[in-house]
Amino acid sequence: MELTEDLATLATARGWAEAGHRVAIATVVSAWGSAPRRAGSHLAIRDDGLFAGSVSGGCVEGEVIFEAQALLAETTGVRSLEYGVADETAWRVGLACGGRITVLVQRLADDGFPVAIIDGLEAAARAGRSMTVVTDLGRGASWMGDADDIDFIRPWAPPRRLAIIGAVHIAQALVPLAQGLGISTTVIDPRTLFAADDRFAGLLLDRRWPDEALAAWAPNAASAVVALTHDPKLDDVGLAAALRSDAFYIAALGSRKNHALRRERLAAFGLDSEALDRVRGPAGLAIGAQGPAEIALSIAAELTAAWHGVLAPTAPA
């Protein structure tokens with residue numbers, strides 16, 4: 001599973017604690033103007049000064065690390081640090097971008113930022129579920145769940161993933177679009193001529209058959225699967241595997257006539273009408289797309305609409 005930047009930072013902090021270090025977690029709890037990091041960004045600081053992550057892109061990290069080490073030398077407490085362009089301290093530590101941030105520094109401990117939160121966030125990411133971390137800024141205590149009248153609530157969306165069946169021209173256009181949306185992308189194609197490294201530079205290609213590849217990839221509720229080969233031998237087994245998962249978006253290229261035939265073939269896999277209705281076909285929003293780039297755009301748009309829950313259901317074929 002590929003971790004988001006902030007979750008990777010928290011996982012690093014947990015590893016330090018397991019190795020016997022005292023660890024602090026610094027979190028941006030508010031940001032205004034041109035602050036370089038959004039609210040919710042994390043910086044992990046070890047007792048010896050080693051750090052991971054960022055709360056300001058480098059502007060105030062030195063000051064925050066100093067304060068975190070001072071906190072770790074004490075037995076109780078929490079630190080709330082505020083930096084802005086008008087503050088003398090902010091100029092001294094380099095926050096001259098015109099923004100303003102407030103950073104909360106907690107211990108990685110049950111009465112501060114518990115390790116159990118990191119475990120829970122990783123489990124939610126694997127399952128494709130959203131989670132919320134709530135923080136009482138006065139007490140400096142965080143927990144997972146919902147709460148009213150709490151100072152800071154940090155929603156954690158699961159990392160989105162896309163599996164593309166078919167290393168075709170549309171896939172070459174769709175991969176950078178998906179990556180630009182922050183979606184981790186895998187291209188699956190057992191055909192050597194299509195799945196050539198030079199055609200997808202920098203991307204790890206999966207050259208197994210789609211059903212085998214998807215079984216290992218394990219689609220979850222934050223996963224999308226798009227079949228682009230037009231070859232039933234490849235598309236159908238991949239779609240059948242996707243339909244047995246919680247994938248939020250499943251689609252395939254082809255005309256409406258071909259999609260009707262596809263439904264008949266997929267029914268032979270033991271899938272009922274409700275399952276078959278999950279397949280968007282033809283894939284992509286109706287924008288009059290012509291050529292690989294526009295078709296890829298229509299698919300990326302439809303996938304985004306599905307993720308945000310604003311995609312109208314398909315009419316049964």
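See above for the structure.
Given the structure is predicted, the values throughout are model-derived calculations rather than measurements. (Residues numbered from 1 in each chain as written. Predicted model: local features only at pLDDT ≥ 70, side-chain atom pairs only at ≥ 80, totals over all residues. Heavy atoms only, no water.)

Chemist: Quick rundown of the overall build of the protein chain? Include the residues and the values.
Modeler: Counting secondary structure elements, the protein chain contains 10 helices and 14 strands. With respect to the principal axes defined by its C-alpha atoms, the protein chain has extents near 70 × 40 × 35 Å. Burial statistics for the protein chain: of 317 residues in total, 49% are counted as buried. Counted over contacts in the protein chain with a minimum sequence separation of 6, partners at least 24 positions apart contribute 59%. For the protein chain, the exposed area adds up to about 14,700 Å²; of that, 54% sits on carbon and sulfur atoms. With 28 positive and 38 negative side-chain charges, the protein chain shows a spacing of 6 Å between the two charge centroids. (Helix = DSSP H or I, 4+ residues; strand = E, 2+ residues; numbered from the N terminus. Buried < 20%, exposed > 50% of the residue type's maximum accessible area, 1.4 Å probe, protein only. Contact = heavy atoms within 4.5 Å. Areas by Shrake-Rupley, 256 points an atom, 1.4 Å probe, with all protein chains shown as cover. Lys, Arg positive; Asp, Glu negative; His and termini not counted. Charge placed at Lys NZ, Arg CZ, Asp CG, Glu CD.)

Chemist: Could you give an account of the sheet that holds strand β13 (residues 249-252), naming the residues involved and the relevant values?
Modeler: Strand order in the open sheet formed by 6 strands is β11-β10-β9-β12-β13-β14, with parallel pairing between adjacent strands. Each edge of the sheet is formed by a strand with only one pairing partner; in this case those strands are β11 (205-206) and β14 (279-280). Pairing geometry for β13 and β14, over 2 bridges, is parallel. Of the residues in β14, the one forming a bridge with Ile 250 is Val 279. Lying on the sheet, helix α6 (residues 210-217) is in contact with β9 (161-165), β10 (184-188), β11 and β12 (223-227); it crosses β9 at an angle near 170°. (Pairing = 2+ DSSP bridges. Axes fitted to C-alpha atoms, helices over the stretch in contact; angles between N-to-C directions.)

Chemist: Quick one: what's the story with the pairing of strand β5 (residues 100-107), residue by residue and with numbers?
Modeler: The element β5 is largely enclosed, with a buried count of 7 among its 8 residues. Sheet analysis places strand β1 (residues 23-32) next to β5, joined by 8 bridges and oriented antiparallel. The residue bridging Ser 30 from the neighbouring strand is Thr 102, located in β5. Here strand β4 (residues 79-84) runs beside β5; their pairing, made up of 6 bridges, is antiparallel.

Chemist: Summarise the nonpolar core; cite the residues concerned and give the values.
Modeler: In terms of nonpolar packing, the biggest core is built from 28 residues, with Leu 162, Ile 164, Val 187, Phe 200, Leu 228, Tyr 249 and Ile 299 touching the most fellow members. Counting only elements with at least two residues in this core, the list comes to β9, α5 (169-180), β12, β13 and α10 (291-307). When residues of this core are assigned to their parent elements, the largest contribution, 6 residues, is made by α5. Apart from residues lying up to four places away in sequence, Leu 228 is in contact with Ile 164, Ile 165, Gly 166, Val 168, Ile 170, Ala 171, Asp 235, Leu 253 and Ile 299. Ranked by size, the runner-up nonpolar core spans 20 residues in total, among them Ala 163, Ala 240, Leu 266 and Leu 271. (Core = buried A, V, L, I, M, F, W, Y, C linked by side-chain atoms within 4.5 Å.)

Chemist: Residues and numbers for the sheet that holds strand β8 (residues 152-156), please.
Modeler: Taken together, the 3 strands give an open sheet; going across it, the order is β7-β6-β8, and neighbouring strands pair in antiparallel fashion. Edge positions in the sheet fall to β7 (141-144) and β8, since each of these pairs with one other strand and no more. The sheet shows a mean angle of 20° between the axes of neighbouring strands, direction not considered. When strand β6 (residues 131-136) meets β8, the two strands line up antiparallel, connected through 5 bridges. Within the sheet, the bridge partner assigned to Thr 135 lies in β8 and is Phe 152.

Chemist: Just give me the short version of the pairing of β6, but keep the residues and values in it.
Modeler: The element β6 is extensively covered by neighbouring structure, given that 5 of its 6 residues are classed as buried. The pairing of β6 with β7 spans 4 bridges and is classified as antiparallel. Each bridged residue has a counterpart across the sheet, and for Val 133 the counterpart in β7 is Met 144. Hairpin connection of β6 to β7: 4 residues between the antiparallel strands, including Gly 140 at a positive phi of 70°.

Chemist: Hey, could you go over helix α4 (residues 115-127) for me, with residue numbers and the actual values?
Modeler: With 13 residues, α4 should cover 18 Å at 1.5 Å per step; its first-to-last C-alpha distance of 19 Å lies within 8% of that length. Buried within α4 are the following residues: Ile 117, Ile 118, Gly 120, Leu 121, Glu 122, Ala 124 and Ala 125. One or two residues past the end of α4 sits Gly 128, with phi positive at roughly 75°. (Expected span 1.5 Å × (residues − 1).)

Chemist: Got a sec to walk through the environment of Ala 251? Specific residues and values, please.
Modeler: Among the secondary structure elements, Ala 251 is positioned in strand β13. C-alpha of Ala 251 to C-alpha of Ala 227: the two residues are 24 residues apart in sequence and 6.3 Å apart in space.

Chemist: Please set out unusual backbone geometry residue by residue, giving values where relevant.
Modeler: Backbone geometry follows two general trends: most residues other than glycine have a negative phi, and most peptide bonds adopt the trans configuration. Omega for the peptide link from Gly 281 to Pro 282 comes to -5°, which places this bond in the cis form. Even without being glycine, Ala 218 reaches a positive phi, approximately 55°. Tracing the chain through its elements places Ala 218 in the loop between α6 and β12. A relative accessible area of 42% places Ala 218 in the partly exposed class.

Chemist: Break down the side chain of Gln 106 for me, with residues and values.
Modeler: Positionally, Gln 106 belongs in strand β5. Given the relative accessible area of 2%, Gln 106 is considered buried. Separated by 3.0 Å, the side chain of Gln 106 and the backbone oxygen of Gly 140 make a polar contact. Within the structure, the side chain of Gln 106 is placed 2.9 Å from the side chain of Ser 142, a separation counted as a polar contact. (Polar contact = N/O pair within 3.5 Å; in protein donor to acceptor, adjacent residues only side chain to side chain.)

Chemist: Run through the environment of Val 115, naming residues and quoting values.
Modeler: Tracing the sequence through the fold places Val 115 in helix α4. Expressed as a C-alpha distance, the spacing of Val 115 and Arg 14, which sit 101 residues apart in the sequence, is 6.5 Å. Dropping the residues within four chain positions of it, Val 115 is found in contact with Arg 14 and Leu 108.

Geometry only, nothing functional implied.
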